[in-house]
Each structure stands twice: as C-alpha cells, then as structure tokens.
Amino acid sequence: MIFMQSCDISIIIVNYNVKDLLLQCLRSVEQAKADLQVETIVVDNNSSDGSVAYLEPLFPDVRFIALPQNIGFGSANNVGIKQSTGKFVLILNPDTILEENTLKVMFEYMLNEPKAGIAGCKILNPDGTFQLACRRGFPSPWASFCKLFGLQKLFPKSKLFSQYNQTFRSEDETYFIDAVMGAFIFIRREVIDKIGGFDEDFFMYGEDLDLCYRTQKAGWEIAYHHKTSIIHYKGESTKRSSINEVKHFYQAMELFAKKHIAGSFLFLLFLRVGIMFRAGIAYFTKHSREFFVFFTDLIGINLSLIIATKIRFNDYFNFPEYAYPTVFIVLSCVLLLSMFAVGEYFERKISVRRAVFGLMISFFFLSSLTYFFNEYAFSRGVLLMTIGFTIAFSSVIRITINLLEKFKGKSADKRIAIIGMNTNTEEIISSLQSGEVRNAKIIGLISVDDHSKTDSGIPVLGNIEYLPRLIEQYKLQEIIITDTSLTKNDLMTLVSSISSPSVRFQVAQEYEQILTARIIEDISGVEPTVPKLEITNFRNRLVKRAIDIILSFLSLTAGIIFIYIFSHKPSDTLKKFWFVLIGKLSIIGIFPVATNKTQIAKPGIMSLAQLSDTARIPVSAIINLNNYYIENYSFS
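Asks: Explain the overall build of the protein here, please?
Replies: What the protein contains, in helices and strands, is 23 helices and 18 strands. Per-residue burial for the protein yields a buried fraction of 50% across its 636 residues. Put simply, 73% of the contacts in the protein that link residues at least 6 apart link residues at least 24 apart. As presented, the protein carries roughly 31,900 Å² of accessible surface, and 61% of it is formed by carbon and sulfur atoms.

Asks: Explain a nonpolar patch on the surface to me, please; I cannot follow it from the model alone.
Replies: Residues Phe-284, Phe-295, Ile-299, Leu-303, Ile-307, Ile-311 and Phe-389 make up a contiguous nonpolar surface patch of roughly 640 Å² in combined accessible area. Ranked by the residues each element gives to the nonpolar patch, the list is headed by helix H12 (residues 288-313), at five residues. Tracing the backbone shows Ile-299 in helix H12.

Asks: When you look at the side chain of Asp-297 in this model, what are you seeing that I'm missing?
Replies: In this fold, Asp-297 is placed in helix H12. Of the polar contacts made by the side chain of Asp-297, one reaches the side chain of Tyr-345; its length is 2.5 Å. Non-local contacts of Asp-297, meaning those with residues more than four positions away in its chain, are made with Leu-335, Met-339, Tyr-345, Ser-394 and Arg-398.

Asks: Where do I start with the environment of Ile-622 in this structure?
Replies: Among the structural elements, Ile-622 can be located in helix H23 (residues 619-632). Residues Ile-622 and Phe-591 lie 31 residues apart in sequence; the distance between their C-alpha atoms is 7.2 Å. In contact with Ile-622, not counting residues within four places along its chain, are Phe-591, Val-593, Ala-609, Thr-614 and Ile-617.

Asks: Explanation requested: the packing of helix H20 (residues 538-556) against helix H22 (residues 570-581) in the structure shown.
Replies: To describe two helices that pack against each other, one gives the angle between their axes and the distance between the axes. Where H20 meets H22, the axes come as close as 8 Å, and the angle between the chain directions of the two elements is 145°. The element H20 and its partner H22 pack so that their crossing is left-handed. Between H20 and H22, the contacting residues are Arg-545, Asp-548, Ile-549, Ser-552, Phe-553, Ser-555 and Leu-556 on the first element and Leu-574, Phe-577, Trp-578, Val-580 and Leu-581 on the second. Grouping the constituent residues of the contact of H20 with H22 by class yields eight nonpolar, two polar and two charged.

Asks: Looking at this structure, I do not really get the environment of Gly-86. What am I missing?
Replies: Secondary-structure assignment places Gly-86 in strand S4 (residues 86-92). As for Gly-86 and Asp-8, which are separated by 78 residues in sequence, their C-alpha atoms are 5.1 Å apart. Not counting chain neighbours up to four residues away, the residues in contact with Gly-86 comprise Cys-7, Asp-8, Ile-9, Ser-10, Glu-39 and Arg-189.

Asks: How should I be thinking about the packing of aromatic side chains in this particular structure?
Replies: Between two aromatic rings, the relevant description is the distance of the centres plus the angle of the planes. The full count for this structure, using the stated rule, is 23 aromatic pairs. When the centroid spacing of 5.2 Å and the interplanar angle of 85° are considered together, the rings of Phe-294 and Phe-295 count as edge-to-face. Measuring from centroid to centroid gives 6.4 Å for Phe-317 and Phe-328, while their planes differ by 75°, and the two rings are edge-to-face. In this pair, Phe-317 sits in the loop between H12 and helix H13 (326-341) while Phe-328 sits in helix H13, placing the two residues eleven residues apart along the sequence. According to the relative accessible area criterion, Phe-317 is partly exposed, its value standing at 45%. Judged by relative accessible area, Phe-328 falls into the buried class, the value being 18%. Linked through ring pairs, Phe-313, Phe-317, Phe-319, Tyr-322, Tyr-324, Phe-328, Tyr-376 and Phe-378 together constitute an aromatic cluster. Taking the ring centre of Tyr-54 as reference, the NZ or CZ of Lys-19 above it sits at 5.0 Å.

Asks: How should I be thinking about the sheet that holds strand S13 (residues 440-447) in this particular structure?
Replies: Where strands meet in a sheet, backbone hydrogen bonds hold them as pairs that are either parallel or antiparallel. Reading across the sheet, the five strands line up as S14-S13-S12-S15-S16 and stay open at both edges, with parallel pairing between neighbours. Taken across any chain shown, the strands that pair with only one partner, and hence form the sheet edges, are strand S14 (460-463) and strand S16 (504-507). Each strand axis lies, on average, 30° off the axis of its neighbour in the sheet, ignoring direction. Relative to strand S15 (residues 478-481), strand S12 (residues 414-419) runs parallel, the two sharing four bridges. Bridge pairing in S15 places Ile-419 opposite Ile-481. Contacting S12, S13 and S15, helix H16 (residues 423-433) crosses the sheet at an angle of about 165° to S13. Against the sheet, helix H17 (residues 467-474) engages S12, S13, S14, S15 and S16, with an angle of about 150° to S14.

Asks: Can you help me understand the nonpolar core in this one?
Replies: If you look at soluble globular proteins, the nonpolar side chains tend to sit buried side by side. In terms of nonpolar packing, the biggest core is built from 74 residues, with Ile-9, Ile-11, Leu-92, Leu-103, Phe-184 and Phe-186 touching the most fellow members. Ignoring anything within four residues of it in the chain, the contact list for Leu-103 reads Ile-9, Ile-11, Val-29, Ala-32, Lys-33, Leu-36, Val-38, Leu-90 and Leu-98. Formed by 31 residues, the second largest nonpolar core is a distinct cluster that contains Val-293, Ala-323, Phe-328 and Leu-331.

Asks: Sorry, what's going on with the packing of H12 against H13 here?
Replies: The geometry of H12 relative to H13 is characterised by a closest axis approach of 10 Å and an angle of 135° between their N-to-C directions. Relative to H13, H12 is oriented oblique. Handedness of the H12/H13 crossing: right-handed. Seen from H12, the contacting residues are Phe-294, Asp-297, Leu-298, Ile-301, Asn-302, Leu-305 and Ile-306; seen from H13, they are Val-327, Phe-328, Leu-331, Ser-332, Leu-335, Leu-336, Met-339 and Phe-340.

Asks: Got a minute to help me understand the environment of Arg-469 in this structure?
Replies: Residue placement: Arg-469 occurs in helix H17. The class for Arg-469 is buried, based on a relative accessible area of 11%. Each C-alpha atom, one on Arg-469 and one on Ile-498, is 9.6 Å from the other, the two residues being 29 residues apart in sequence.

Asks: Would you mind going over unusual backbone geometry with me for this structure?
Replies: Glycine aside, negative phi is the norm for most residues, and most peptide bonds take the trans geometry. For the bond from Tyr-324 to Pro-325, the omega torsion is 0°, close enough to zero to count as cis. Among the secondary structure elements, Pro-325 is positioned in the loop between H12 and H13. Phi angles above zero are rare outside glycine, and Asn-46 is one such case at about 60°. Topologically, Asn-46 is positioned in the loop between strand S2 (38-44) and helix H2 (51-55). Since its relative accessible area comes to 35%, Asn-46 is described here as partly exposed. Notably, Gln-166 is not glycine yet its phi reads approximately 55°, a positive angle. Here Gln-166 shows up in the loop between helix H6 (151-154) and strand S8 (175-177).

Asks: It is not clear to me how the side chain of Gln-152 should be interpreted in this structure. Could you clarify?
Replies: Take Gln-152: it is sitting in helix H6. For Gln-152, a relative accessible area of 7% corresponds to the buried category. Only 2.8 Å separates the side chain of Gln-152 from the side chain of Asn-165, close enough to count as a polar contact. With residues up to four places along the chain from it excluded, the contact list for Gln-152 reads Cys-146, Lys-147, Phe-161, Ser-162, Gln-163, Tyr-164, Asn-165 and Thr-167.

Cut-offs used in this document
Along each chain, residue indices are assigned from 1 in the same order as the chain's sequence is written. Per-residue local features of the predicted model are confined to residues with pLDDT of at least 70, and side-chain atom pairs are confined, for both listing and counting, to 80 or more; whole-chain, interface and lining totals are unaffected and use all residues. Excluding hydrogens and water, the side-chain values take into account all heavy atoms of the structure. Runs of E in the DSSP output that reach at least two residues are strands. Runs of H or I that reach at least four are helices, and both are numbered from the N terminus. For the exposure calls, accessible area comes from a 1.4 Å probe over protein chains only, and a residue counts as buried if that area is under 20% of its type's maximum, exposed if over 50%, partly exposed in between. Every residue pair with non-hydrogen atoms within 4.5 Å of one another is taken to be in contact. Each accessible area value is a Shrake-Rupley result obtained with a 1.4 Å probe; residue values ignore everything except the protein chains displayed when judging cover. Without a salt bridge and with relative accessible area above 30%, a residue can belong to a patch; like charges are then joined within 9 Å and nonpolar side chains (Val, Leu, Ile, Met, Phe, Trp, Tyr) within 5 Å. Here, a salt bridge means any Lys or Arg side-chain nitrogen found within 4 Å of an Asp or Glu carboxyl oxygen. Any N or O atom pair separated by 3.5 Å or less is treated as a polar contact, with the protein-specific requirement of one donor-capable and one acceptor-capable atom, and with residues adjacent in sequence counted only for side-chain atom pairs. A fitted line through C-alpha atoms represents every axis, and for helices the fit uses only the stretch in contact; the resulting angles, taken between N-to-C directions, go from 0 to 180 degrees. Left-handed describes a crossing in which the near helix is turned anticlockwise from the far one by less than a right angle; the clockwise case is right-handed. All residues other than Ala, Val, Leu, Ile, Met, Phe, Trp, Tyr, Cys, Pro, Asp, Glu, Lys and Arg, Gly among them, are scored as polar; the first ten of these are nonpolar and the last four charged. Put simply, two rings from Phe, Tyr or Trp (the six-membered ring, in Trp's case) pair if the centres are within 6.5 Å, and we call them stacked under 30 degrees between planes, edge-to-face over 60, tilted for the rest. Whether a charge lies above a ring is judged from NZ of Lys or CZ of Arg, which has to be within 6 Å of the ring centre and within 35 degrees of the ring normal. Whether two strands pair depends on DSSP finding at least two bridges between them. The definition of a nonpolar core used throughout is a set of buried Ala, Val, Leu, Ile, Met, Phe, Trp, Tyr and Cys residues joined through side-chain atoms within 4.5 Å. Oblique is the label for every angle not falling under 35 degrees (roughly parallel), over 145 degrees (roughly antiparallel), or within 65 to 115 degrees (roughly perpendicular).

Taken by themselves, the reported measurements are silent on function.
What follows is the structure, encoded as structure tokens:
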C-alpha cells in the first residue's frame, strides 16, 4: 500500500463503535476530495463492533490504526496527527457527513485567510437544524452561569446572556470566534508544530476548547466559515459505550478552568451549582407524572377541608384564628407521610387502592392527634368529610391518568430492547417480529461485554453499563434479558440502577416465557419481572437514611461516653459512626465482599453475615445473605 509523502489535507478520524456511521463518513470524504491531495487516517479506540475488520477492505486508501484500548479522543487524534503529512489537518468525527465542496471551500478559505489558525464550518443536525456548539465563546464564569441557568435560552439574541453559544450572531456570516466544535477542526500544520496537538489530560470533552485557546494565545485567530456545512449525528459514540459523559464533561470543564481561567474557584462554583440546578430540573421532568399526583393530592385534601368546613359550619374558614395555617400544614404533612408509607409516590405506578389505604391511615392518625391536642378537636365530622372528599378526588385523578396511559399503551407499540446476543436472542427476535405478541417493537440490542457480536440486523444501542442513559435516550419501556452470563448480583445491580417505574424487566431464555408473561399481564394486570429490591424503594431509603443520621448523631454526641466505656477500639467505632453520618456507611447494611461489585446497599457496621463468624462463612454464603437483605429489606 502506497501513501503520499505530503498532501494538502490530512483527515484524522477517531472511531469508537460507530462503524455504520463511519462508513457514511468515509464515503462522503471520498466524494469531497475533488482535485485535492487528501490522506485519511482512522484511529480506532478499541471498538467492540468490528469496525476495522469490516471497513478496512472497503477503503484500501484509508490508513487504519487499531489501538489496544480506548485512550480518549484527544490522545487518539494525536496518534493520527503524528503520522499525518498534510499542510492542513482536519479533525473529523466519524458521525459526520461532508458536503461535496466542504474540503475545497475550507482549504481555499484557509489559504486566503492567513490570520486563521483554526477554522470550523456550519454544522447541522440530521434534520437540518443548526448545532449551536459549532461556534462558541470560552466558558467564562458568567457565560457558564448563563448557559446552565437558562438565561441564554431565554435571551438568545442578547450579547450579554448568550456568550457561550454565540446565538446573538448570524449563522450565515463568517467571523472570528473563541472556539469551534471538535467534530470538525480545520487546523494549520504550523499551529500544530508550534503548540503541539491535543492536551491528553482531557479524556473526552474540553480538548477542543483547550486547543482553540492555546491557538489564540500563540497569535492565530479561530474562524467560523459559513459557506459550507456538514451533518453531525451528535453523541453516537457515547450512546454505544459505557462512558459516563456527565462525569467526563465536568472533569473537562474543571481542568480547563484550572489551566486557563483566573479565579477558577468562582467558575467551578457556578458550574457545580448549575449542574445541580439542571439535574433537579431533569429529575422533575422525568418524574413529572409523580409530581403532578403529589401536588394534586395536596391541593385536593386542603380544598376538601375548606369545603367540609363550609358544609358543617356554613363558613369556609370557621376554625379559630390560631388554627390557621397550622391545620393545613399538619394535614398536608400527615397525608404525604401516609402516602410515602404505603409506597404510593416515586416507587411504582399510581394506584387507587394504595391511595385509599394511605388516606385511611391519615384519618386514623389525625383522629388520634385530636386526643393529644384538644384545642384542635374542632369536628370529627369535618375530618371524615375531608378524607371522603379527598378519596373521591384522588381516585378520579388516578383513574383518569391510568386510563389515558392504558389507551396510549394500546395505541402505541411497546419499545423493547434485548440484553444479550446469543442463539436464544435470535429466536426471540424472530418470534417477536412475527406478530404473536401484540404491540411489540424491538428498538435494538444491548451488549454485555466488549466482544458481543450479532448478525440479526438489529442495531446495537450500547453497552449494559450505561443502561439508564440508553433507556432515556431511546424511550425504552421493556428490557428483555436473554444473556445467561448475568448472575443474580448482576441482575439486581441492573434493576437498582433504573429509577423509573414505567420500565419493566423480564428474564427470558425462551420466547414462550415472554408470551406467558403477556398473558398473565393481560389477565391479572400483574407484570412479571425480576425480583423487586425492597431496599431501593424511595420510602425505605428515606427511613433508613433518617435512622442512620439520628443514631449516628446520638452516638457521636450523647453516646460518646458509652463508646469509650464499652468499645474495645473507641476511635475506630467513632470513625465508623462518622462515616454513617456522612453517608459512606450504614448502621445495618451488607458485609463487603471483594469479589462482589454490587453497590446497591451500603456496607454496614452490622450485617446479617456478622451474626456468625464471617471468617468461617464461604464467600458465596455472604453474598447470598447480602442479597437476601437487599431483596427483603424492611423497617423491622
């Protein structure tokens, strides 16, 4: 194979598990070469989808470099840059498609604009919309604050509030900016020779900002050129991997701030607060149905009290002045605690039965309170009417929501993903596609390890290690587990990582098991699934954490003298209680086992395994005891 000694453009593409998109990308590169001398180098970051073996025979003029491990975006690009010979280097993502004139337009622009050390072009989403990140400002504390707290979105045309994504500028003009996106970086060889390549401390994210920043410091400008464009299928590599993109994004911003931004403490403070704010909004959005029911119950019980008071005393607010707003606050708190106690919120699908049970608990508790606080014993009839009206109101709300969801579920296909790639998987896919199970749509497969392969024609969505993001990304409603290599511990960890009650898990080695589960669900309304992990319930976690805080606080204050009297190693005991207080340990938990990676429950000062001599118990028995505790946890 003969490669050019020197050329006009060296294209460096770092690939990770996107062979289908890389195929399109390389084809678009071939069509965009025109009369330019172009070399293309693909650096593969240890993909598990057979990218190199599949594509190398199809593109004999492309140099493929297969790395033994994933070394990150910047480091892999540096490998390609060191073997390149072009006057210009194009850093290109594999999930992109070039226009036929892209290389020529960018090459000519850089020849005619000597001030530009780096240039980027217009980058579009697959639907033709503009990707804002293709021309950016540097993430100063103010710019980051405006982006994270939504000011940029509220005032997109304001130069003051939209500095990061530069939305106050036109997409159809060429100008100098702070930074371009790493998906398309057209850079001069002189710049690389002077500043070097990417900073390899950045594993993923931030390396493009750092490169542009150093280029500016070296005396060149960063240009956005609008006269050509590419299509970018953003984020495909991370969707198909176990990479924690949020973690790497934060680490990248922290590293960038420490390197380049004076007063980086302020920047990091803004970043942390902003990420917490965005995470809160994301959680609220994800659980919008639960929050809606939560607030409607509060509104319902307080309105019911007002109506009941009007019926009984012919006045909406007939209680003495001292009773307000105390009666509303106590009523709301008792209702919420009762609903949490029966598991109505944030655990599973809403239920009229549990709501009625929770309201009956509220009635008996409130009735009991009046015996201790006689000054609030205004009318048992009002209390009874309040609970009755609330039962009717909450039941109507729940029945309406469930009917709407049931109607929606019948009219739409259930989105299914299958974990496992084996003979059983192929048979199950074939049977599901035959139509015997109604409303079943297979979205894709999820790989268990880095060497999983399939010839089913069904797309691989990603790695099992990042299942929560895959469920959110593809709006999955059912996960069928066919992989026999997954242990019970693996399954428990898997289920515990998913907080949404709308996602159903099912272990099935044969198609008949799925069919049976569908029949059971249709007849009884019960969804067969993997065992429920009681310790992951919201109410159980809340109660457990409250007990840990109370007991550890008492032990570290009033109980400290008893620890010094009765403990053989007081300092170690105090240290353990401190770890309980800050959330690293629990009073009662699992016994840590080196070979068991399950992190569903915290290690405990006490555990089931410690009821016997742990040195004599086999590891497998300790794991079974830990699993029993996790599956069957209760307050008692």
